[in-house]
Amino acid sequence: MSWRRRWPRRQVLQMGGALLAAYGVAGCGQGSENVALGNLNLSKLLARWEVGIGADPGRFLWEIESDPQVAAVARGWDPHFLSGWLNSFDHRQGDLSFWRNWHQAGLLRQWFERGYSLHIITWEDDTHRPCGDYHISQQFIQDVAELAGYIAQANPQGRPTYWSLATEFSYWRIPADTYNADTAPYYQALMRNVLRARQAIKERLPEAEVALCWGGWIATFDDPQRGSGRSMVEPFAETMSQMDGIAFQSMRQRRPGEFNPELNGPDPGNPEQIRLCCRLFAPIHRNLMLAHYEPSIKDKHPNGGRADTVQVDFEIMSRPDWLQEVSQLGLRRLSLMHYGLYKGDPYGALTAARQFRARVGLPAVAQGV
């Protein structure tokens, strides 16, 4: 699965001045969901949260039994759902082999019986661009339909599952993070296919929540004349409003305020990027998910990157003011990308994650952890 992936380094070269701490989105919508969230106090908002962990459910649960450090991560994070990946390394098909094996061995059913739900992320190898052909293909629809069928058989109680489709798709075309005359034909085809994928999933899993998944950096800059950054989002608004939510990632390696040579200034950090994403997407949908979080260093996958950044991030994200804002904007799910970064509590990363977990969500129903 994705623990074997090579993630290309994101070249976020926008001016530091565009990373505005005061950036906001006017008019966050007046739908019934928005009003309901606004009427909830912080404790009720936080009780709605769910947390997950990735990236290989089978390996994670096996290592709980064989590695005391992984067992400590499982106890401390107490996940509600397990995140797994449907990867596309050759641009032509997903990799369903893991899921088929897990299904045939009865493991998917065992995971639901233990109380976990599942979260599936689809991605495409973007080492060489332009890319993205898999996600506009009929094969993509067939793959998610097949996987949804396995999950339906393993989940007769109909518990909700979560699907974050086409994660980081704004990087797949050139120029990256831009909706213009050159990139529009591809992105329009992607939007049509994402809606088809949602339909295929919902036909088999009516309770599934299916979202389009952005790279979180899209919220940190804007160039309206080029249709880049935040200005890229509006053309997708109608499609996203037909989905069950909006997902995004956050994988900034540096601690908030640390010098970033690509920006020639301080890095905003993950907590600020997450907050900006919530402000950007809340006017479109109030069901938001941080699909994969990790202070990423490409060369250090699969176990992530900087545990010192994790410690600072979770300290900030545990503060009532941060939790109040993002929760009212609709953030309610967060998944760790790889659990290996927390093994042994380097730099207090697991301690900080455990403290954050104590603030959000009810205890998970999963047993045997």
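Because the structure is predicted, anything quoted here is derived from the model rather than measured. (Residues numbered from 1 in each chain as written. Predicted model: local features only at pLDDT ≥ 70, side-chain atom pairs only at ≥ 80, totals over all residues. Heavy atoms only, no water.)

This paragraph deals with the sheet that holds strand β4 (residues 162-165). Read around the closed barrel, the eight strands follow the order β1-β2-β3-β4-β5-β8-β11-β12; overall the barrel is parallel. Adjacent strand axes in the sheet meet at a mean angle of 25 degrees when their direction is disregarded. Pairing analysis gives four bridges linking strand β1 (residues 50-53) to strand β12 (residues 331-336), with the strands arranged parallel. Residue pairing across strands places V51 opposite L334, the latter belonging to β12. (Pairing = 2+ DSSP bridges. Helix = DSSP H or I, 4+ residues; strand = E, 2+ residues; numbered from the N terminus. Axes fitted to C-alpha atoms, helices over the stretch in contact; angles between N-to-C directions.)

This paragraph deals with the side chain of T220. With respect to the element layout, T220 can be found in the loop between β5 (209-215) and β6 (222-223). Accessibility expressed as a relative area gives 1% for T220, which makes it buried. Within the local environment of T220, its side chain forms a polar contact with the backbone oxygen of W217, the two atoms lying 2.7 Å apart. (Buried < 20%, exposed > 50% of the residue type's maximum accessible area, 1.4 Å probe, protein only. Polar contact = N/O pair within 3.5 Å; in protein donor to acceptor, adjacent residues only side chain to side chain.)

This part covers the packing of aromatic side chains. For the coordinates displayed, the defined rule picks out 21 aromatic pairs. Ring geometry for F169 against F236: centres 5.3 Å apart, planes inclined by 50 degrees, an arrangement best described as tilted. Here F169 is found in the loop between β4 and α8 (184-204), whereas its partner F236 is found in the loop between β7 (228-229) and α9 (237-241), with 67 residues between them in sequence. For F236, a relative accessible area of 0% translates into the label buried. Residues Y179 and Y187 carry aromatic rings whose centres are separated by 6.3 Å and whose planes lie at 25 degrees to one another, so their mutual orientation is stacked. Like Y187, Y179 is buried. Counting every residue linked through ring pairs, the aromatic cluster contains F169, Y179, Y186, Y187, W214, F236, F248 and F281. Its guanidinium or amino end placed over the ring of Y171, R129 lies 4.1 Å from that ring's centre, counting from NZ or CZ. (Phe/Tyr/Trp six-rings, centres within 6.5 Å; stacked < 30°, edge-to-face > 60°. Lys NZ or Arg CZ within 6 Å of the ring centre and 35° of its normal.)

The subject of this paragraph is the pairing of β12. Within a regular beta strand, the side chains point alternately toward one face of the sheet and then the other, so they alternate between its two faces. Burial runs high along β12: six of the six residues are buried. Bridge analysis of strand β11 (residues 288-293) against β12 gives four bridges, and the strand direction is parallel. Considered in β12, the bridge of L290 is made with L334.

One finds W163, W214, F314 and Y342 to be the most contacted residues of the largest nonpolar core, which totals 94 residues. In this structure, W163 is in contact with H119, I120, V144, L147, A148, I151, I201, L205, A208, E209, V210 and A211, ignoring residues within four places of it in sequence. In terms of nonpolar packing, the next biggest core, distinct from the first, is built from seven residues, F81, A247, M289 and A291 among them. (Core = buried A, V, L, I, M, F, W, Y, C linked by side-chain atoms within 4.5 Å. Contact = heavy atoms within 4.5 Å.)

With that out of the way, let us pick up helix α12 (residues 320-328). Taken together, the buried positions of α12 are W322, L323, V326 and S327. Each buried residue of α12 lies within a common arc of 115 degrees when the element is viewed along its axis, so the set occupies one face. Of the residues flanking the end of α12, it is G330, one or two places downstream, whose phi is positive at about 115 degrees. (Arc of directions from axis to C-beta.)

Relative to the helices and strands, D67 is located in the loop between α3 (57-66) and α4 (68-77). Residue D67 is classed as buried on the basis of its relative accessible area of 19%. From its side chain, D67 meets the backbone nitrogen of Q69 in a polar contact 2.9 Å long.

Attention now goes to unusual backbone geometry. For the bond from G54 to A55, the omega torsion is 15 degrees, close enough to zero to count as cis. Here A55 is to be found in the loop between β1 and α3. The omega torsion across R129 and P130 is 5 degrees, close enough to zero to call that bond cis. The residue P130 is located in the loop between β3 (117-122) and α7 (138-154) in this model. The backbone phi angle of N264 is positive, close to 55 degrees, even though this residue is not glycine. Within the element layout of this structure, N264 appears in the loop between β9 (259-260) and β10 (265-266). N264 gets classed as exposed once you look at its relative accessible area, which sits at 64%. One non-glycine residue, Y347, lies in positive phi territory at about 60 degrees. Its place among the elements puts Y347 in the loop between β12 and α13 (349-359). The exposed category is assigned to Y347, whose relative accessible area is 64%.

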